[in-house]
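Observations on the model geometry
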Amino acid sequence: MRILHTADWHLGDRLGRVDRTDDLRVAVERIADYCLGEAVDVLLVAGDIFSELARPDGLRDAIRHLQATFGKFLHQGGTILATTGNHDNENFCQTLWHAMTLASPVGLANDSRVAPGRLHLATGPSLLRLADRREGFDAQFVLMPFPTPNVYLNDQPNLRYGSLDEKNRSLVAAFSRKLQAVMDDPKFAKGPPSVLSAHMSVLGGELSTLFRLSEQEDIVLGKDGIPPGFAYVALGHIHKPQFLGGNATVRYCGSIERLDLGEKNDTKSVVVFDLGPGGVRGEPTLLPMTATPIYEVDISDPQAQLPTLAERFPDAQNDLVNVHITYTAGVDNLEEVLRQVETVFPRWYARDWKERGTLGEPLTLGDADRSKSFDDTVRDYLKAELTNHAEDERAAILDRAEALLQEMA
């Protein structure tokens, strides 16, 4: 059974003022080409299919694109297994995937073989089996979505927490309990090769960035939180491709595109491996993904730098750029500077400028943190303040805030 492991698509995402829809669709189409060209049997998506920034019409368009893009793969008997991540809207996924003609939701400890040629989405801890098309053996998949109170603490609806840290410890414990419950269930067979797919941080993973998530909000599983016995562990959530503890079969595949400045040096890929009755055969293989360049540009002397800007960045028309400008009033025309910069970098996603005073640089207590935008600062504040609110109320407030931020963009 040939399996392609991917995660963190974030369809419908934005970076500042730039809509990433086209970039991400190209990446998804490349994955579909790999599925056909590499004779893949199972496409395993370890969470965050959609972006929380996507609006309903954008989500509907994303669904239509997925159906068109993977139609041939599914028609030929390929199977897609997916879990929800922390950026996926749980209610949307549960509702919309039910309506898809190619999708099938899966439930906890479903011991029947799932049908090939379909997409099976796990919005809760799930167990399923899939028959190999070549050798006839069964492969067993345990799908563990990102730990949210709605899914993992649904039997304790009125819990209150003194802090985010306390809430996160409860969710880590609940994740471990639910995973162990799936494995202890009589329907979990001991013989077939098993694959675990989970969307969360595991201690030891190397971060390039915490994508729209503060350290206080992230939920981290200990190194011993992954039980032994799985032939392969397919992780999502950390966007930098890597394997853990020197074990090539316990790995993050990474995101399919560079999604913020923290990922500027990441090389993107997906993972393909072969699963036999006895486990993984050979070493997993990385298949490269094209990643959009993303970087910062500092313009401290517009008169000297602007004439050579296009020459220095001749291929920047598609690049994602954060521009920092320092200008001198009475010498530089700020409006003209911005116009020339936009000509070279039409996909600038953020920009800021400051005036250089005649008395020198302003006194500051330190450089601002350029890694976090105004929008992300607002998101982090609201998430912290809404810790003890009901999930539906919290989601509604965050959605409303997101709509306002996009109107301001």
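Structure: see above.
The structure reproduced in this document is the subject of the present report. (Residues numbered from 1 in each chain as written. Predicted model: local features only at pLDDT ≥ 70, side-chain atom pairs only at ≥ 80, totals over all residues. Heavy atoms only, no water.)

Strand order in this open sheet of six strands is S8-S9-S10-S13-S15-S14, and the pairing throughout is mixed. For this open sheet the edge positions go to strand S8 (126-131) and strand S14 (242-244), each flanked by a neighbour on one side alone. This sheet shows a mean twist of 30 degrees between the axes of neighbouring strands, independent of strand direction. Sheet topology note: the S14/strand S15 (residues 247-252) ladder contains three bridges and is antiparallel. The residue bridging Leu244 from the neighbouring strand is Asn247, located in S15. Contacting S8, strand S9 (138-144) and strand S10 (194-199), helix H5 (residues 164-184) crosses the sheet at an angle of about 160 degrees to S9. (Pairing = 2+ DSSP bridges. Helix = DSSP H or I, 4+ residues; strand = E, 2+ residues; numbered from the N terminus. Axes fitted to C-alpha atoms, helices over the stretch in contact; angles between N-to-C directions. Contact = heavy atoms within 4.5 Å.)

Attention shifts here to the pairing of strand S20 (residues 348-355). Taken together, the seven bridges between strand S19 (residues 320-327) and S20 define a ladder with parallel strand orientation. Looking at the pairing, Ile325 lines up with Trp353 of S20. Handedness of the crossover joining S19 and S20 through helix H8 (residues 334-344): right-handed. (Right-handed = clockwise from strand over helix to strand, strands pointing away.)

With that settled, the discussion passes to the nonpolar core. Among the nonpolar cores identified, the biggest contains 33 residues, and Leu4, Trp9, Leu11, Ile31, Leu43, Ile49 and Phe70 are the most heavily contacted of them. If you list the elements that add at least two residues to this core, you get helix H1 (21-37), strand S4 (42-45), helix H2 (56-75), strand S5 (79-83), strand S7 (119-122) and strand S16 (269-276). For Leu11, the residues in contact, after removing those within four places along its chain, are Leu24, Val28, Ile49, Phe50, Ser51, Ala54, Ala62 and Leu66. Listed in part, the 30 residues of the second largest apolar core include Leu127, Val172, Ala198 and Val233. (Core = buried A, V, L, I, M, F, W, Y, C linked by side-chain atoms within 4.5 Å. Buried < 20%, exposed > 50% of the residue type's maximum accessible area, 1.4 Å probe, protein only.)

The subject of this paragraph is helix H10 (residues 391-408). When the terminal C-alpha atoms of H10 are compared, their 26 Å separation across 18 residues agrees well with the 26 Å that a helix rising 1.5 Å per residue should span. Residues Glu391, Arg394, Leu398, Ala401, Glu402, Leu405 and Gln406 constitute the buried set of H10. Projected down its long axis, H10 shows its buried positions confined to an angular sector of 140 degrees, all on one face. Facing away from the buried surface of H10 by more than 90 degrees, the exposed residues are Asp392 and Glu407. (Expected span 1.5 Å × (residues − 1). Arc of directions from axis to C-beta.)

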